[in-house]
Amino acid sequence: MQLIGESLRGHLLGVGGNKPADAGIAAVLQELARAACVISRDVNRAGLVGILGRTDQHNVHGETVQKLDVYANELLVDGLRKSAVVCGIASEESENIISPSAAGEKSDYIVYFDPLDGSSNIDVNVSIGTIFAIYRRRSTKGAATLEDFLQTGRDQVAAGYFLYGTSTMLVFTAVDSVNGFTLDSSAGEFRLSHPNIRTPERGRIYSCNESNSGTWDTPTQEYVAALKSTSSRAYTSRYVGSFVADFHRNLLKGGIFLYPADVREPGKPASGKLRLMYECNPMALLQEHAGGLAVDVEHDILDIVPVGIHHRVPLVIGSRIDVGEYLARRREHRAA
Ligand code: FBP
């Protein structure tokens, strides 16, 4: 029986009766948790320590980089290299794979992360987060190779996120269950607060940036329109604009989040905005382990073979029945 209040360290050792985590995976999670404690402390006082606002830099996605993005990215990379718990790092804020420290080359694990998800909300005190995915290397020695990084989401050995909101939380999955921990900042420790999270089969919330609806394909437009129709079962709309916050709400309460493809340019592959490896795959593993579904247009997100570390995909994720109804509407449209 998992113990509410149990420390992350105890949970990873299996003190509460859960299956202990592999020592190498536990070491990566502990290092990420250590860095997240520092990020949480400084996000809470960002306006006082001069880390709000933009830099004059643009990242590989052409986005203006926020000071907090740089701060969080450097803190995570520095900690992961110094602790030697990974043999390779890939970040939303770095165009290429980041090499490990010499000692890190002995590790069997690599890590992907989005250091601060929800950048557009940083300066306005809306929840933001850090999203991560851990994989076992395929190569046998030295620094990790590109091949180690281009694995499908099904190969993740652990994935999750830190949410910097009304409280700071860690939600992650490794083997099968999804567990939530809350930061006890007085002890600088994450403690079990949400054991064995299960997403309700159906929700009452839909979450998407509807200002983009003109760029969506017809079945997606029809699906969202149907949710708003008076004959529907009274869905309500919620959209924070920080994926980690929108996903967390729906994970607990049920519902569906959509960031569909922009199909305005026929012939151009329908690509989405969100990044497969450090936004969609981690959330898809959590969602599937919590009883929900995650797809691009038709396929399970976790089966998509990445073509690069910054590969983008459309995303529809959430309660099993809601995502199922989205897919059924696509099938009907194809059959019509
Ligand atoms: P980053 O902030 O890490 O770049 O993530 C992208 C993101 O901010 C998601 O968190 C969010 O769901 C989405 O983009 C919001 O996009 P839009 O402003 O187009 O609705």
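Refer to the preceding data block for the structure.
Below you will find a few notes about this structure.

Calculation rules
Residues numbered from 1 in each chain as written. Predicted model: local features only at pLDDT ≥ 70, side-chain atom pairs only at ≥ 80, totals over all residues. Heavy atoms only, no water. Helix = DSSP H or I, 4+ residues; strand = E, 2+ residues; numbered from the N terminus. Contact = heavy atoms within 4.5 Å. 1 Å grid on protein atoms, 1.4 Å probe; cavity = no way out; pocket = protein on both sides within 12 Å on 5 of 7 lines; lining within 4 Å. Points joined across faces, edges and corners; volume = space filled by probe spheres on them. Nonpolar A, V, L, I, M, F, W, Y, C, P; charged D, E, K, R; others polar. Near = heavy atom within 4 Å. Polar contact = N/O pair within 3.5 Å; in protein donor to acceptor, adjacent residues only side chain to side chain. Areas by Shrake-Rupley, 256 points an atom, 1.4 Å probe, with all protein chains shown as cover. Sits in = over half its atoms within 2 Å of the grid points. Salt bridge = Lys/Arg side-chain N within 4 Å of Asp/Glu carboxyl O. Buried < 20%, exposed > 50% of the residue type's maximum accessible area, 1.4 Å probe, protein only. Phe/Tyr/Trp six-rings, centres within 6.5 Å; stacked < 30°, edge-to-face > 60°.

Focus on the environment of valine 86
Within the secondary structure, valine 86 is located in the loop between helix H3 (67–82) and strand S3 (89–91). Residues valine 86 and arginine 330, spaced 244 residues apart in sequence, show a C-alpha to C-alpha distance of 41 Å. Every residue in contact with valine 86, bar those within four places of it in the chain, is listed here: Val28, Leu80, Pro100, Gly104, Ser107, Tyr109, Ile110 and Val111.

Focus: empty space enclosed by the protein
Within the structure shown, the criterion is met by one cavity of 30 Å³ or more. Surrounding the largest cavity, Trp216, Asp217, Thr220, Pro260, Ala261, Val263, Asp296, Val297, Pro314, Val316, Tyr326 and Arg330 form its lining. For the lining of the largest cavity, the residue count by class is eight nonpolar, one polar and three charged.

Things to note about the site of the ligand
The immediate surroundings of the ligand are formed by 16 residues, with Asp117, Asn209, Tyr239, Phe243 and Tyr259 found nearest. Residue aspartate 117 places a side-chain N or O atom 2.8 Å away from an oxygen atom belonging to the ligand. Measuring from an oxygen atom of the ligand, one finds a side-chain N or O atom of tyrosine 259 at 2.5 Å. Burial of the ligand by the protein amounts to 87% of the accessible area it has alone, namely 470 Å². When each cavity is represented as a set of grid points, the ligand is found to reside in the largest pocket. Residue contributions to the shell around the ligand peak at three residues, all from strand S4 (residues 109–117).

Description of the pattern of salt bridges
Taken as a whole, this structure holds 21 salt bridges when the rule is applied. Between aspartate 184 and arginine 191 there is a salt bridge, and its shortest N-O distance comes to 3.3 Å. A salt bridge links arginine 330 to aspartate 217; the nearest nitrogen and oxygen atoms lie 2.7 Å apart. Here the residue arginine 330 occupies a position in helix H8 (residues 320–335), and aspartate 217 occupies one in the loop between strand S10 (205–207) and helix H5 (218–228), the gap between them amounting to 113 residues. With respect to class, arginine 330 is no different from aspartate 217; both count as buried. Salt bridges sharing partners connect three or more residues here, namely Arg154, Glu288, Asp300 and Asp303.

Examining the packing of aromatic side chains
Tallied over the entire structure, the rule returns 11 aromatic pairs. Aromatic side chains phenylalanine 132 and phenylalanine 162 sit 5.6 Å apart centroid to centroid with 40 degrees between the ring planes, which places their arrangement in the tilted category. Here phenylalanine 132, found in strand S5 (residues 128–136), pairs with phenylalanine 162, found in strand S6 (residues 156–164); they are 30 residues apart in sequence, far enough to count as distant. The same class applies to phenylalanine 132 as to phenylalanine 162, namely buried. Ring pairs connect the aromatic residues Tyr161, Tyr239, Phe243, Phe247 and Phe257, which therefore count as one cluster.

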